[in-house]
Amino acid sequence: INACVDILTDVQKEVIRLSQAGSDGELDVRADSSRFPGTWKYIVDGYNTVINAITEPLNEAATVLKEASNNDLTQSINGDYKGQFADFKNNINQMLRNLDETLAQVASSVTQMNAGANQISDASQSLSQRATEQASSLEEISSSMQQIASQTKSNAENATQANAIANKARES
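Residues numbered from 1 in each chain as written. Predicted model: local features only at pLDDT ≥ 70, side-chain atom pairs only at ≥ 80, totals over all residues. Heavy atoms only, no water.

A. Fine view of helix α1 (residues 2-23). Taking 1.5 Å of rise per residue, 22 residues should cover 32 Å, and α1 covers 31 Å from first to last C-alpha, within 8% of that figure. Along α1, the residues classified as buried are Ile 7, Val 11, Glu 14, Leu 18 and Ala 21. The arc that holds every buried residue of α1, seen down its axis, measures 90°, which confines them to one face. More than 90 degrees from the buried face of α1, the exposed residues found are Asn 2, Lys 13, Ile 16 and Ser 23. Where the residues of α1 are buried, they touch α2 (38-69). Once α1 finishes, Gly 25 follows within two positions and takes phi at roughly 80°, a positive value. (Helix = DSSP H or I, 4+ residues; strand = E, 2+ residues; numbered from the N terminus. Expected span 1.5 Å × (residues − 1). Buried < 20%, exposed > 50% of the residue type's maximum accessible area, 1.4 Å probe, protein only. Arc of directions from axis to C-beta. Contact = heavy atoms within 4.5 Å.)

B. View of the packing of α1 against α2. Here α1 crosses α2 at 10°, and the two axes come no closer than 11 Å. Here α1 is positioned roughly parallel relative to α2, judged by the angle of their axes. The segment α1 lies against α2, with Ile 7, Leu 8, Val 11, Val 15 and Leu 18 engaging Trp 40, Val 44, Tyr 47, Asn 48 and Ile 51. Among the residues making up the contact of α1 with α2, the classes are represented as 9 nonpolar, 1 polar and no charged. (Axes fitted to C-alpha atoms, helices over the stretch in contact; angles between N-to-C directions. Parallel < 35°, antiparallel > 145°, perpendicular 65-115°, else oblique. Nonpolar A, V, L, I, M, F, W, Y, C, P; charged D, E, K, R; others polar.)

C. Fine view of a nonpolar patch on the surface. Residues Leu 27, Val 50, Ile 54 and Leu 58 make up a contiguous nonpolar surface patch of roughly 300 Å² in combined accessible area. Here Val 50 is to be found in helix α2. The class for Val 50 is partly exposed, based on a relative accessible area of 49%. (Patch = residues over 30% accessible without salt bridge, like charges linked within 9 Å, V, L, I, M, F, W, Y side chains within 5 Å. Areas by Shrake-Rupley, 256 points an atom, 1.4 Å probe, with all protein chains shown as cover. Salt bridge = Lys/Arg side-chain N within 4 Å of Asp/Glu carboxyl O.)

D. Spatial organisation of the pattern of salt bridges. The tally for this structure, following the rule as stated, stands at 4 salt bridges. Between Glu 14 and Arg 35 there is a salt bridge whose closest N-O contact spans 3.0 Å. A residue pair is termed long-range when its members are at least 10 positions apart, and Glu 14 in helix α1 and Arg 35 in the loop between α1 and α2 qualify at 21 residues. Given the relative accessible area of 5%, Glu 14 is considered buried. The partner of Asp 45 in a salt bridge is Lys 41, with the nearest N and O atoms 3.0 Å apart. With Asp 45 and Lys 41 both in helix α2 and 4 residues apart, the pair spans about one turn of that helix.

By themselves these figures say nothing about function.
In structure tokens:
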């Protein structure tokens, strides 16, 4: 009975050590099953198997997410996981695909916006050039109209003087 109590005490200490390591985020700690005889070894190995089943998808997800944080969205979780771990895997992989698609759409939109901005810039420059040309033409027309007005005024004055001379000549 004392041997059984000693084994149970050692198993309890090992479970407490594993629990503390897990709580501290030390997910690479495992129990040393070689310290336990018979069925106790299988029980301790069972704890290790459960820990491995939990940490493997977490470690793979951490690796994939680290790559994603470094702008590499081509990675995915590929392990063959069951149950909620399969859901975890599928959700992360779908999130990465969605993020990649969204970024591709943003890049496409930016490209289209740049093309549109270039078209607007080109059209603005063309409009500005045409407006400058029209302003120059209007200045030329205005100058010509001033010359015509000046010439018309001069012609009117000359006609008035000629009329005055003709009237004087008739009177004399």
